[in-house]
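Here is how the chains run, residue by residue.
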Amino acid sequence: MTRVLITNDDGIAAPGLLALAESAVDAGFDVTVAAPAEQSSGSSASIMAVETDGRIGVERRTIGELTDVPAYAVQGGPGLIAMIAARGAFGEPAEVVLSGVNHGANVGRAILHSGTVGAALTGALNGAWAMAISLDVGMTPERFHWREAADAAVRLIPELTARDRGTTMNINVPNTDRVRGVREAALAPFGIVQMALAESADRFVRLAVEELPNIATDDSDAAHLADGWITVTGIDSVTERRLDLPVS
């Protein structure tokens, strides 16, 4: 039975995490859940944690009705969780790391900052197949299609594991029950939302999240997601770029 680690950056109590765990269990996977004790959005692949005497706090939890699924609330971010899981912190290391379902889309090059994506890339860096899953809830959703997003991701696991270990997929799902299908897509040059400077003074700055005024019209994840498609993008962790510096 394939071992699956499920994590996120929205925290152990997030509904998207529960939906993803339920979907993976129903599909027959051997599931372990480990997620941040607190909200950790925007943490990228950070391995910072809250430590006491050099120890990172871990607390056993039960999520939803999944009483037989080991679940842990960790005093650290998702990148850290994926890293320590690969070293046996929660039992035998997982073969597949699923991160999500995130509250909000993760599209474009702005995924660099996402804790959801950071966990998936960290899992892949440590030898697992990995997937980041996000639900495009928008700014004022009337309903959340968590389970639909989770099921869509779990159905793509055979496509993921048919590729080399270390492969990472970034999945975005429209928040609707009328999904048009699945499209492979390139990363847009931006995300759907961006941070703006709302206020600044000598001793502080205040940020705000705002939607971008337009959507990419090219063959990008942002464009296809806005058009009702589940988007799939293969992504890599940090890679080198040759500079061809002159010999000195």
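These lines cover the structure that appears in this document, whether it is placed above or below. (Residues numbered from 1 in each chain as written. Predicted model: local features only at pLDDT ≥ 70, side-chain atom pairs only at ≥ 80, totals over all residues. Heavy atoms only, no water.)

### Some remarks on the overall build of the protein chain
Working step 1: Scanning the protein chain for helices and strands turns up 6 helices and 13 strands.
Working step 2: When the 248 residues of the protein chain are sorted by exposure, 46% land in the buried category.
Working step 3: Residue pairs in contact within the protein chain that sit at least 24 positions apart in sequence constitute 76% of those at least 6 positions apart.
Working step 4: Taken as a whole, the protein chain presents about 13300 Å² of accessible surface, with 49% of it coming from carbon and sulfur. (Helix = DSSP H or I, 4+ residues; strand = E, 2+ residues; numbered from the N terminus. Buried < 20%, exposed > 50% of the residue type's maximum accessible area, 1.4 Å probe, protein only. Contact = heavy atoms within 4.5 Å. Areas by Shrake-Rupley, 256 points an atom, 1.4 Å probe, with all protein chains shown as cover.)

### Focus: the pattern of salt bridges
Working step 1: Counted by the stated rule, this structure contains 9 salt bridges.
Working step 2: For Arg61, the salt bridge identified is with Glu59, shortest N-O distance 3.4 Å.
Working step 3: Residue classification places Arg61 among the partly exposed residues on the basis of a relative accessible area of 31%.
Working step 4: A residue is classified by how much of its surface remains accessible, and Glu59, at 43% relative accessible area, is partly exposed.
Working step 5: Across the pair Arg242 and Asp244 runs a salt bridge, and its minimum N-O distance is 2.6 Å. (Salt bridge = Lys/Arg side-chain N within 4 Å of Asp/Glu carboxyl O.)

### As for the nonpolar core
Side chains of nonpolar character tend, in soluble globular proteins, to be buried together.
Working step 1: Core analysis: the biggest nonpolar cluster contains 41 residues, and Ile6, Val33, Leu98, Met131 and Ile171 have the highest contact counts within it.
Working step 2: Ranked by residue count, the leading element in this core is helix H4 (residues 146–155), at 6 residues.
Working step 3: Apart from the residues lying within four places of it in its own chain, the contact partners of Met131 are Val97, Leu98, Ser99, Ala120, Ala153, Leu156, Ile157, Leu160, Met169 and Ile171.
Working step 4: Ala85, Ala120, Ala128 and Ala130 belong to the second-largest nonpolar core, a separate cluster that totals 19 residues. (Core = buried A, V, L, I, M, F, W, Y, C linked by side-chain atoms within 4.5 Å.)

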